[in-house]
Each structure stands twice: as structure tokens, then as C-alpha cells.
Amino acid sequence: MGGGSKKKLGMKVLGGGAGAGGGPGVAPSVVPPAGELLAGGSFAPNLAGYKALEKSLEAIVKAHGGAAPPAAAAAAAKVVSTWPEAALVGIAKKKGLKHAAVAGSGGGLAGGASPLLKAAVNPAYPAGTAAVEEANENTGHDFEELPPGVREEAEEKERAAEEFVVAGVTPGGAAVAAPFVALEPAALVQKAREALKKGVANLKLGVSEFSQKAKGILDVLRFFEKVKEEVPRVAPEEFHALEFSFKRDASDLGGVHTKYIYADQKGREWLFKPDKHSGGVVAEAEAAASRVARRVGQPALDVYVTETPHGKGSIQPFVKDAEKLGPDPTKYSPAQVRALVREHVVSWALSEHDAKHDNFIVTPGGAVVGVDKGQAFKYFGEDRLSLDYHPNKVHGAQEPAYYALYRAAKAGKVKVNPYDALPVIEAFEKIPDDEYREMLRPVAEAAAKSPSKGQVAWWKRMEEFAAKRLGRKPADGEVVEEFLRRACERKNNLRRDFARFFSEVLGLAVDFS
């Protein structure tokens, strides 16, 4: 799967080699600890430290016939990855990378130094190459799209960064220069929002595949503003005060499952789906998927479990005038492509494999929102993060929209940046395990209480896993804990899993470290 040579995102490594670990362009299987190749060096995060690192690498290059082996490039990458962003920006500027502060924070709203910035500071990437020139052209486009005040702030921070690396640090590691304050994504969002309100923001997007923060900041802002406007939140306290009355059958909406339209006392319409077979487990799974998506910053309809004259099931706001996402990835907007990459993280975390294109709605403003997450955890315990894993194919269902998108990207028809997944991955990582367990506990406990739990596929698998781990038949409470334990494991391994997945599927050297 995803074989063939890896494609670099614009930077070239001396001596070749590509992979997902140890820095840009380096295969993880050949990455030894940095100390093995650069032993004895003193590499402080300043210009002097960079020159020392460069000198050490030159000796390795000479010993290998004039080209740095991939392992050496990886060792140098590990050194620079420990340096603060101030040092990276300052050194990158010294090496000729323009707008380094703008290029510095990659991965959309994730923050942190981008792979481009780390690569530019790695001595294995010489100054003045065509790759740096290409980066300058692209980040130049991005820079011009920022509001004037943000551009001035970026330039000011670049000047401070250059002073930082020249001044150096004390032997104890304390900065002599004033601490560098990174151009935070949150600050960019606020400044862009203010500029948008004042009518001075240029909404044309740049074309850089490197500086995702500059490229997408206004697009992402507009996307979430549209979601907020068109898919309003219904908080739990408000929901529990609502009263619903049946309005009509909703079979005209399509799908194989029964559904109905109800209305609350404010006249708002809601879509109700009865949970006929699982005793409430499917309804709880869909509600949990909504909570988790919201918790990691993804747009989602608020889904609740309730009782109606049609039985127990899930209910969610009905979005009028929304269309289904089309099947052709080449027709998706850049914002929709980024939205799908982020949604994929949520789907894998929740073992939800029914994300076909018509399970995404597109609001009149163009925002993409995932719906119908009732299959969350259905295949948990046997599923794989793989382009060829499509368990619903036997039922004639279309493959998940993400996979159609990645196939189009692999064929060169669509541009997909895997680093768009990082904001959601990092949001998952910030959720404490105890909190995450409580978010999912209603799903597991609904299964434990259900008279139909024998028909809940994931329950049977968790029961088998718990029995194997304990060496005996587990009690229902122990199966619940097995489910929650494994859900936390998946949450905590998202960074590793998606780096591997994107590296294989897209043929890119993806490093999420």
C-alpha cells in the first residue's frame, strides 16, 4: 500500500533518503540517536551553536564521500528540533529564508515550528537552494495576504529572533536577549477577525503548501464563523428544557434507517432516529461522537439521547437547505479538503468507518459538517487505519470520503496537506484520559445494560480481549473498562498512527514529532 518513492515537500536532503521519523527526508529505520553521529558537540540554540553543528556535519560529509547520509541529517534534525522557535526563525533568516516567522508555525492552527523551518535550519539543507527560493516565493504570497498589522508584527519578531541568535545564551541556557514570543495562531485569528470586521482583510488565499497558518487562516476563520452561524449550539441545559412534538416522517431524506422530524416549542426542527436493535447503544455512540468532535474543536451537530413516541433514540438539530457533500474530491474547495482531513482524525479515534460522502452536509455557506455517526465503535477492536479497510463495502456502501480524497491526491488530482490533521491530533492529546473515559462511559455502560448487548459487535470483542487479559470470563464492568482503556490507547497513539498512514498513503515523508 502506498509504495514507491517518497515525495519531499520542496526540500532536498543531501545524500537522499526519505521517511517519517527523525526529521524531514529521513527513513525511521536509519535514525540512530544524534549523539552517535554528532558526539561531543556543543550545539547551543544560537548562531554559534549552528556553526558548530554545521562543522560537525561537514566532517561526516567528508567521511562519506561528499554527501550527508540520511542518518546524519536525522541526527542534525534531532538537535535543531530541541531549539526554541526564536532560534529557528533567527537562523533561518540568516540562511536566507524570508518571512521565517510566518513560515514558522505550520499545521493550520496547531502552532509550533513547521517542518519547513526545521529543515531550513538543518545544516544538511544548504542555503540558497532552489527549495529555499521556492519557499520564499510561496511564503511571500502568504505574507502579503496577512493584514498590515500582522505583517509588521511578524517582521518585528523576525528582527528580535535574529538578535536572539547573535546574542546567544548563557552556559546555563538562559537567553541573553529578550525572550522571543512566537507569532501565535490564536493571535493571528484574532487579528484576522478584527481586520475582517473592519473590511481591510484581503480574503484571497495564498498558494503555499509550506506555510499553512498563513495560507488558511482567513479561510479557516470564515469556515468556523459559518458553522457557528448555520449550525448553532444547543447546550445540554437548553436541550433538557425542550419539548418535542412529532411533525412528519423523514424517509424522503434517504438512508436505510427510519427517521422522523420533530419540532420543539420554538419551532426548530429536529431529526430523530430510533435505536431499534441495540437498546440505546447506537444512540449513545452517536451522542458521544458529537461530544468528542466538539471537544477537539470540530464542527458537529449536538446529538442527544431521548425518548419519543417512536421509542428511544438519538435526536439532533435538522439543518435546512444543507446539501450532501458530492462524491468527486476534485470539486472540493481547499477549505473542504482541510475539513475532511481533520474529520478523519475524529473518525479514526472513534472507530467510525461510515464516513461516506453523503454523511457530510454542506451548509449554504460552504461549511462541511459530519453527520450520522451511529456506527462509531462498531468495528472497534478489529479495524485498521488503512486505505483498503472498508468494512461496509459488503453492504454496497461507498468508501469513506477521506479515502476517495487521498486516492485523488495520490493521483495528483488534489492537494492534501497531512499537517492539517495536527490541530485535531493535538487537541485529542490534551484531553486527560480520565476525562476522555467519562465522555465515552455512557456508550460502554449502555452496552452493559442492554438486553441486546450480544448483538453489539464491539462488546463481544472487548469481552474477548478482557478475558484474554484477565485469564477468566470478565464481569460486565470489566468489559466496560476494557473498552475505555483501549479507547484511550487509540487517542494517545493518533500522532504515531497518522504519521505512518500519511507517509504510506500519500508517499510523503511525514514527521509529526
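The rules behind the values
Counting restarts for each chain: residues are numbered from 1 in the order of the written sequence. For a predicted model such as this one, the threshold for reporting local features is a pLDDT of at least 70, and the threshold for listing and counting side-chain atom pairs is 80 or more; totals across whole chains, interfaces and linings nevertheless cover every residue. By convention in this description, side-chain values take in all heavy atoms of the structure and omit both hydrogens and water. What counts as a helix is a DSSP run of H or I of at least four residues, what counts as a strand is a run of E of at least two, and both are numbered from the N terminus. Exposure classes here rest on a 1.4 Å probe applied to the protein chains alone. A residue is buried below 20% of its type maximum, exposed above 50%, and partly exposed in between. Working rule for contacts: check all heavy atoms of both residues, and any pair within 4.5 Å makes them a contact. Methods summary: accessible areas were calculated by the Shrake-Rupley approach with a probe of 1.4 Å, and residue burial reflects only the protein chains presented. Distance and chemistry together define a polar contact, namely a pair of N or O atoms within 3.5 Å, with one atom able to donate a hydrogen and the other to accept it when in protein, and with adjacent residues in sequence counting only for side-chain atoms on both sides. Comment: axis = line fitted to C-alpha atoms, over the contacting stretch for helices; angle = value between 0 and 180 degrees taken between N-to-C directions. Under this scheme an angle from 65 to 115 degrees is roughly perpendicular, one under 35 degrees roughly parallel, and one over 145 degrees roughly antiparallel; angles in between are oblique. Polarity classes work like this: nonpolar for Ala, Val, Leu, Ile, Met, Phe, Trp, Tyr, Cys and Pro, charged for Asp, Glu, Lys and Arg, and polar for all others, with Gly in that last group. One bridge is not enough; two strands pair if DSSP finds at least two bridges between them. We define a salt bridge as a side-chain nitrogen of Lys or Arg found within 4 Å of a carboxyl oxygen belonging to Asp or Glu. Each Phe, Tyr or Trp ring (for Trp, its six-membered ring) is paired with any other whose centre lies within 6.5 Å, and the angle between the two planes then decides the class: stacked below 30 degrees, edge-to-face above 60, tilted in between. A positively charged side chain is recorded as over a ring if its NZ (Lys) or CZ (Arg) lies within 6 Å of the ring centre. The angle to the ring normal must also be within 35 degrees.

Asker: Pulling in residues and values, what's your account of the overall build of the protein?
Answerer: Across its full length, the protein holds 19 helices and 8 strands. Expressed as a percentage of the 513 residues in the protein, the buried residues total 55%. At a minimum sequence separation of 6, the contacts of the protein that also span at least 24 residues come to 69%. Carbon and sulfur atoms make up 53% of the accessible area of the protein, which amounts to about 22,200 Å² in all.

Asker: Which residues make up unusual backbone geometry, and what values do they have?
Answerer: Trans is the common state for peptide bonds, and a negative phi is the common state for residues other than glycine. With phi around 50°, Ser351 is a residue other than glycine that occupies positive phi space. Position of Ser351 among the secondary structure elements: in the loop between helix H13 (334-349) and strand E7 (360-362). By relative accessible area, Ser351 is classed as buried at 0%.

Asker: I'd like a description of the environment of Lys491, backed by residues and values.
Answerer: With respect to the secondary-structure elements, Lys491 resides in helix H18 (residues 476-492). Sequence spacing of Lys491 and Ala349 is 142 residues, and the spatial spacing of their C-alpha atoms is 5.8 Å. In this structure the side chain of Lys491 is engaged in a polar contact, spanning 2.7 Å, whose partner is the side chain of Asn492.

Asker: Can you tell me about the packing of helix H12 (residues 281-295) against helix H16 (residues 433-449), naming the residues and giving the values?
Answerer: With their axes 8 Å apart at the nearest point, H12 and H16 run at an angle of 170° to one another. With respect to H16, the element H12 is oriented roughly antiparallel. On H16, the residues that touch Val281, Glu284, Ala285, Ala288, Arg291, Val292 and Arg295 of H12 are Glu435, Tyr436, Met439, Leu440, Pro442, Val443, Ala446 and Ala447. Per-class residue counts for the contact of H12 with H16 are 11 nonpolar, no polar and 4 charged.

Asker: Please set out the sheet that holds strand E8 (residues 368-370) residue by residue, giving values where relevant.
Answerer: Spatially, E6-E7-E8 is the arrangement adopted by the 3 strands of the open sheet, whose pairing is antiparallel. At either end of the open sheet lies a strand with only one pairing partner, and these are strand E6 (323-324) and E8.

Asker: Tell me about the pattern of salt bridges, residues and numbers included.
Answerer: With the rule as written, the count across this model stands at 32 salt bridges. Lys373 is the partner of Glu352 in a salt bridge, and the nearest nitrogen-oxygen pair spans 3.8 Å. Of the two residues, Glu352 is situated in the loop between H13 and E7 and Lys373 in the loop between E8 and helix H14 (401-410); the sequence distance between them amounts to 21 residues. An identical accessibility class is assigned to Glu352 and Lys373; each is buried. Between Arg441 and Glu481 there is a salt bridge, with the nearest N and O atoms lying 3.2 Å from each other.

Asker: Give a description of the packing of aromatic side chains that names residues and reports values.
Answerer: Evaluation of the coordinates by the stated rule reveals 21 aromatic pairs. With 5.6 Å between their ring centres and 65° between their planes, Tyr406 and Phe501 make a pair best called edge-to-face. Of the two residues, Tyr406 sits in helix H14 while Phe501 sits in helix H19 (residues 494-506), which places them 95 residues apart along the sequence. Accessibility assignment for this pair places Tyr406 and Phe501 in one class, buried. Taking the ring centre of Phe465 as reference, the NZ or CZ of Arg486 above it sits at 3.8 Å. Stacked on the ring of Trp348, the Lys or Arg Arg490 has its end atom at 3.6 Å from the ring centre.

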